[in-house]
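Chain by chain, the residues run as shown.
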Amino acid sequence: MVFKNYIPLWLALGVCLLLQQVTIAQISGNRATQLSATSLLPQLSVAAANSHIAIEGTCQKRVTPTSIRLIWAVTAEEKDALACRKSTEAKVQKTTTALAALRIGKDKIFEDFISAIPRFEWVEGESNSLIEKQSGYRMQTNLHIAVETNEQAMKVIEAALSSGLTDLIGVDYTADISLAQKDARMGAVAAAKEKSKSLLTAVFDEQPKPINVQEQTQVHLPAEMYASFENVAASNVTPRYDDRRNYIFAYRPKNTYYAGRTKAADDKSYSLPMKPEIVVESTVVIYYQSPSTRTIVNEKEN
């Protein structure tokens, strides 16, 4: 029996690979991201061009956090403030016990009391009126928990959720960055000197004299390197003008992810930012005396 309607194996594989590439491209396109356009260098004024030459070097160093703080909001609503306090204390105690099983001691846990405020509601009054009266209390205390690794953090999250906590309101990262600051600074100096050697030697017959230097080192924590975007492929339905029903949208995950430090640098690791890291970024500008300065000085002396 001969089948006339068949697809060659090589063609089927090619179609599968093409669809796979298109799918990946569509996922990337959903973020609506693009490389920033290259801007032209600003034209120097005559005075600036005749006075100095500025050459900049940049360097980025990644630092793996050595300590992670998870901040949980512990809340309660009761008829009176004392009942609120007992409720939050019970949740904190249950969580602390669960953390002790993970060998997280009390020195790694801190309770930060936030607020205790009255709650009000409207009740029927005389003469067809509504009267605002206190109906209870709301209380919040925050629980700070310190761990060393992401693996420990995930175990803490599981323990906290099992203890009745539901609101993880913050995650902070820290590490000793003193060595990274020195390395980034020296890397920026090396980058600026390498640029100077290649550019000034290629342009000028005589090496210009260095006259000044400027440095700035910045620390970027993981919290500021998360990116959020709108899902451009999300469906949207507009109800009729005479439709009085309430529309409840389906749950959609937050389009937020760790993007890392996307800014380019002369000395930088371009490996994928797979996990939150602290980025130390140093910029060094070396100023050289413009050759035209010497020419102007010689003309004045003559």
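What you are looking at is a predicted structure, and each value in this text was computed from that prediction instead of being measured. (Residues numbered from 1 in each chain as written. Predicted model: local features only at pLDDT ≥ 70, side-chain atom pairs only at ≥ 80, totals over all residues. Heavy atoms only, no water.)

Draft legend 1. Region of the structure containing the environment of N212. Its place among the elements puts N212 in strand 6 (residues 210-220). A sequence separation of 160 residues divides N212 from H52, and the C-alpha atoms of the two residues are 9.6 Å apart. With sequence-adjacent residues up to four places away left out, N212 is seen in contact with V285, I286 and Y287. (Helix = DSSP H or I, 4+ residues; strand = E, 2+ residues; numbered from the N terminus. Contact = heavy atoms within 4.5 Å.)

Draft legend 2. Structural context of the sheet that holds strand 1 (residues 52-63). Read from one edge of the open sheet, 3 strands run 1-9-6, paired in antiparallel fashion. Either end of the sheet is taken by a strand with one partner, and the two such strands are strand 1 and strand 6. Within the sheet, the average angular offset between the axes of one strand and its neighbour, ignoring direction, is 15°. As paired elements, strand 6 and strand 9 (residues 278-289) share 10 bridges and run antiparallel to each other. Within strand 9, the residue paired with Q216 across the bridge is T283. (Pairing = 2+ DSSP bridges. Axes fitted to C-alpha atoms, helices over the stretch in contact; angles between N-to-C directions.)

Draft legend 3. Looking closely at the packing of aromatic side chains. For the structure on display, the rule yields 2 aromatic pairs. With centroids separated by 6.2 Å and ring planes inclined at 70°, the aromatic side chains of F229 and Y257 adopt a geometry described as edge-to-face. Separated by 28 residues along the polypeptide, F229 in the loop between strand 7 (226-228) and strand 8 (256-258) and Y257 in strand 8 bring together distant segments of the chain. By relative accessible area, which is 23% here, F229 ends up partly exposed. Under the relative-accessibility criterion, Y257 is labelled partly exposed at 28%. (Phe/Tyr/Trp six-rings, centres within 6.5 Å; stacked < 30°, edge-to-face > 60°. Buried < 20%, exposed > 50% of the residue type's maximum accessible area, 1.4 Å probe, protein only.)

Draft legend 4. The arrangement of the pattern of salt bridges in detail. Under the counting rule described, the total for this entry stands at 9 salt bridges. For R85, the salt bridge goes to E111, with nearest N and O atoms at 3.0 Å. A residue pair is termed long-range when its members are at least 10 positions apart, and R85 in helix 3 (residues 81-100) and E111 in strand 3 (residues 109-125) qualify at 26 residues. Here E281 ties to R261 by a salt bridge, and the two come within 3.0 Å at their closest N and O atoms. A residue pair is termed long-range when its members are at least 10 positions apart, and E281 in strand 9 and R261 in the loop between strand 8 and strand 9 qualify at 20 residues. Look at R261 and you get partly exposed, because its relative accessible area is 26%. What emerges from the salt-bridge pattern is a single network uniting E77, R119 and R138. (Salt bridge = Lys/Arg side-chain N within 4 Å of Asp/Glu carboxyl O.)

Draft legend 5. Region of the structure containing the packing of helix 3 against helix 4 (residues 150-162). Running from amino to carboxyl end, helix 3 crosses helix 4 at an angle of 145°, the nearest separation of the two axes being 9 Å. Between helix 3 and helix 4 lies a crossing of right-handed hand. Contacts between helix 3 and helix 4 involve K94, T95, A98 and L99 from the first element and V156, A159, A160 and S162 from the second. Residue classes in the contact of helix 3 with helix 4 are distributed as 5 nonpolar, 2 polar and 1 charged. (Left-handed = near helix turned anticlockwise from the far one by under 90°. Nonpolar A, V, L, I, M, F, W, Y, C, P; charged D, E, K, R; others polar.)

Draft legend 6. A look at the side chain of Q60. Along the chain, Q60 falls in strand 1. Judged by its relative accessible area of 6%, Q60 falls in the buried class. Among the polar contacts made by the side chain of Q60, one reaches the side chain of E281 at a distance of 2.7 Å. The residues touching Q60, leaving out its near neighbours within four places in the chain, are R261, K263, A264, A265, D267, K268, V279, V280 and E281. (Polar contact = N/O pair within 3.5 Å; in protein donor to acceptor, adjacent residues only side chain to side chain.)

Draft legend 7. Local environment of helix 5 (residues 178-203). Between the first and last C-alpha of helix 5 there are 38 Å, a value that for 26 residues agrees with the 38 Å anticipated at 1.5 Å per step. Those residues of helix 5 lying buried are A180, A184, G187, A188, A191, A192, S196 and L200. At its buried positions, helix 5 is contacted by strand 1 and strand 9. (Expected span 1.5 Å × (residues − 1).)

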